Amino acid sequence: AQSVSQHNHHVILSEAASLELGCNYSYGGTVNLFWYVQYPGQHLQLLLKYFSGDPLVKGIKGFEAEFIKSKFSFNLRKPSVQWSDTAEYFCAVNAGANNDMRFGAGTRLTVKP
Amino acid sequence: KAGVTQTPRYLIKTRGQQVTLSCSPISGHRSVSWYQQTPGQGLQFLFEYFSETQRNKGNFPGRFSGRQFSNSRSEMNVSTLELGDSALYLCASSSQGTVTEAFFGQGTRLTVV
């Protein structure tokens, strides 16, 4: 069965530090990949998505992610985090024609001012 | 364009009761998915409806059911509530097709006492 793994449960960084959150999935076919963010008290919002083409995807707020097909990975990066990036981040995979989206368990990011 | 609307926002029920949650998708979206979000388990996929038909189902007991109406609005029902059903229930809508992204509602916070 298709699954999504996020390696880090809770990440704590200081402002201006670089961020990389890991995401691996287990599906051999064509996939659509997403990162969603949930700020405290708010609903899930799309950060970025990969459907096809350039494997380096740029999203909102300076985030980017790289799709590495051979590693079944879609890691999220940001060169310099801000306090306002404190949130929970979810990786998601949508595979096949049935629009079956599966989410990772989430990574809570705390950025210290 | 109105977003995904979930009602009610908060609900307190007693063990053994049943509950119905409602989701109105973005206008024009025909796919509605339901997720259960808990601190320990993250987002877990419940089921997805498309044009009034259940297309996918996650690994939840039969106490969890849903339906979709001709106007794409969806309801989720949980019967014989258990304490462990306390969670944030999220609804997401998307347009048809394989290359889609999900738009989430604010969720319904269900507390079972």
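Think of each chain on its own: its residues are numbered from 1, step by step along the sequence as written. Each chain takes a letter, starting from A, and each ligand takes a number, starting from 1, following the order in which they are written. Under the rules for a predicted model, residues below a pLDDT of 70 receive no local features and side-chain atom pairs below 80 are neither given nor counted, while totals for whole chains, interfaces and linings still include all residues. No hydrogens and no water enter the side-chain calculation; it runs on all heavy atoms of the structure.

Describing the nonpolar core
Residues and elements named next belong to chain A.
- Take the buried residues of types Ala, Val, Leu, Ile, Met, Phe, Trp, Tyr and Cys, join any two whose side-chain atoms come within 4.5 Å, and each joined set is a nonpolar core. A 1.4 Å probe rolled over the protein chains alone gives each residue an accessible area, and that area as a share of the maximum for its type sets the label: buried under 20%, exposed over 50%, partly exposed in between. Core analysis: the largest hydrophobic core is formed by 29 residues, its most contacted members being Leu-33, Trp-35, Leu-47, Leu-48, Phe-74, Leu-76 and Tyr-89.
- Every helix listed is a DSSP run of H or I at least four residues long, and every strand listed is a run of E at least two residues long, numbered separately from the N terminus. For this core, the leading source of residues is strand 10 (residues 87-95), giving five residues.
- Residues contacting Phe-74, with those up to four places away along its chain left out, are Cys-23, Leu-33, Phe-34, Trp-35, Leu-48, Tyr-50, Ala-65, Glu-66 and Phe-67. Two residues form a contact once any of their heavy atoms are found within 4.5 Å.

With respect to the interface of chain B and chain A
- Contacts between the two partners involve 22 residues from chain B and, on the opposite side, 23 residues from chain A.
- Put simply, buried area is how much 1.4 Å-probe accessible surface two parts lose in total, over both of them, once they are put together. Surface buried jointly by chain B and chain A totals about 1,800 Å² across both partners, of which 49% is contributed by carbon and sulfur atoms.
- One side-chain nitrogen of Lys or Arg within 4 Å of one carboxyl oxygen of Asp or Glu is enough to make a salt bridge. Applying the counting criterion to the chain B and chain A interface returns zero salt bridges.
- The definition of a polar contact used here is a pair of N or O atoms within 3.5 Å, where within protein one atom must be able to donate a hydrogen and the other to accept one, and adjacent residues in sequence count solely through side-chain atom pairs. Scanning the region where chain B abuts chain A turns up three residue pairs in polar contact (both at pLDDT 80 or more).
- Elements that contribute at least two residues to the side of chain B that touches chain A include exactly strand 4 (31-38), strand 5 (42-50), strand 6 (53-57) and strand 9 (87-94) of chain B.
- Top contributing element to the side of chain B that touches chain A by residue count: strand 5 of chain B, with four residues.
- All residues other than Ala, Val, Leu, Ile, Met, Phe, Trp, Tyr, Cys, Pro, Asp, Glu, Lys and Arg, Gly among them, are scored as polar; the first ten of these are nonpolar and the last four charged. When grouped by side-chain class, the residues that make up the side of chain B that touches chain A number eight nonpolar, 10 polar and four charged.

Considering the layout of surface pockets
- As defined here, a cavity is a set of points on a 1 Å grid over the protein atoms alone where a 1.4 Å probe fits but cannot get out. A pocket is an open set with protein on both sides within 12 Å along at least five of seven lines, and residues line them when an atom is within 4 Å of a point. Grid points are joined across faces, edges and corners, and a volume is the space filled by probe spheres set on the points. Here the largest pocket defines a volume of roughly 550 Å³.
- If you trace the largest pocket, you find 26 residues lining it, with Gln-38 and Glu-88 of chain A together with Gln-37, Leu-88 and Arg-109 of chain B closest to the centre.
- Listing elements by their share of the lining of the largest pocket, those giving two or more residues are strand 10 and strand 12 (107-112) of chain A together with strand 4 and strand 9 of chain B.
- Considering every element that reaches the lining of the largest pocket, the biggest residue donor is strand 10 of chain A, with three residues.
- Residue classes in the lining of the largest pocket are distributed as 10 nonpolar, 12 polar and four charged.
- If you add up the space inside the second largest pocket, you get close to 300 Å³.
- Along its surface, the second largest pocket is lined by 15 residues, and Arg-102 and Phe-103 of chain A together with Leu-43, Gln-44 and Phe-45 of chain B are the ones closest to its centre.

Considering the pairing of strand 6 (residues 45-50) of chain A
Residue and element names in this part refer to chain A.
- Being paired, for any two strands, means DSSP has found at least two bridges between them. Inspection of the sheet shows strand 5 (residues 31-38) paired to strand 6 by five bridges, in the antiparallel sense. In the strand pairing of strand 6, Val-37 is matched with Gln-45.
- Connecting strand 5 to the antiparallel partner strand 6 that follows it, the hairpin turn spans six residues, and Gly-41 within it adopts a positive phi of roughly 75 degrees.

What to know about the environment of Gln-36 of chain B
All names here are of chain B.
- Topologically, Gln-36 is positioned in strand 4.
- Through-space distance from the C-alpha of Gln-36 to that of Asp-85 is 8.8 Å; in sequence the pair is 49 residues apart.
- Residues within four places of Gln-36 in sequence aside, it is in contact with Gly-42, Leu-43, Gln-44, Leu-46, Phe-60, Phe-64, Gly-84, Asp-85, Ala-87, Leu-88 and Tyr-89.
- Within the structure, the side chain of Gln-36 is placed 3.0 Å from the side chain of Tyr-89, a separation counted as a polar contact.

Some words on the pattern of salt bridges
- One pass over the structure, following the stated rule, counts nine salt bridges over all chains.
- The closest approach of N and O atoms between Glu-48 of chain B and Arg-55 of chain B, which form a salt bridge, is 2.8 Å.
- Taking relative accessible area as the criterion, Glu-48 of chain B reaches 0% and is therefore assigned buried.
- Accessibility expressed as a relative area gives 26% for Arg-55 of chain B, which makes it partly exposed.
- Residues joined by salt bridges that share partners form a network here, namely Lys-58, Glu-64, Glu-66 and Arg-77 of chain A.

Here we look at the sheet that holds strand 3 (residues 19-24) of chain B
All names here are of chain B.
- With antiparallel pairing, the four strands of this open sheet are ordered in space as 1-3-8-7. Of all the strands in the sheet, just strand 1 (5-7) and strand 7 (64-68) have a single pairing partner and so form its edges. The mean inter-strand angle of the sheet, taken between neighbouring strand axes irrespective of direction, is 20 degrees.
- Both strand 3 and strand 8 (residues 74-78) contribute to a ladder of five bridges, which runs antiparallel. Looking across to strand 8, one finds that Cys-23 is bridged to Ser-74. Think of each axis as a best-fit line through the C-alpha atoms, taken over the contacting stretch in the case of a helix, with angles from 0 to 180 degrees between the N-to-C directions.

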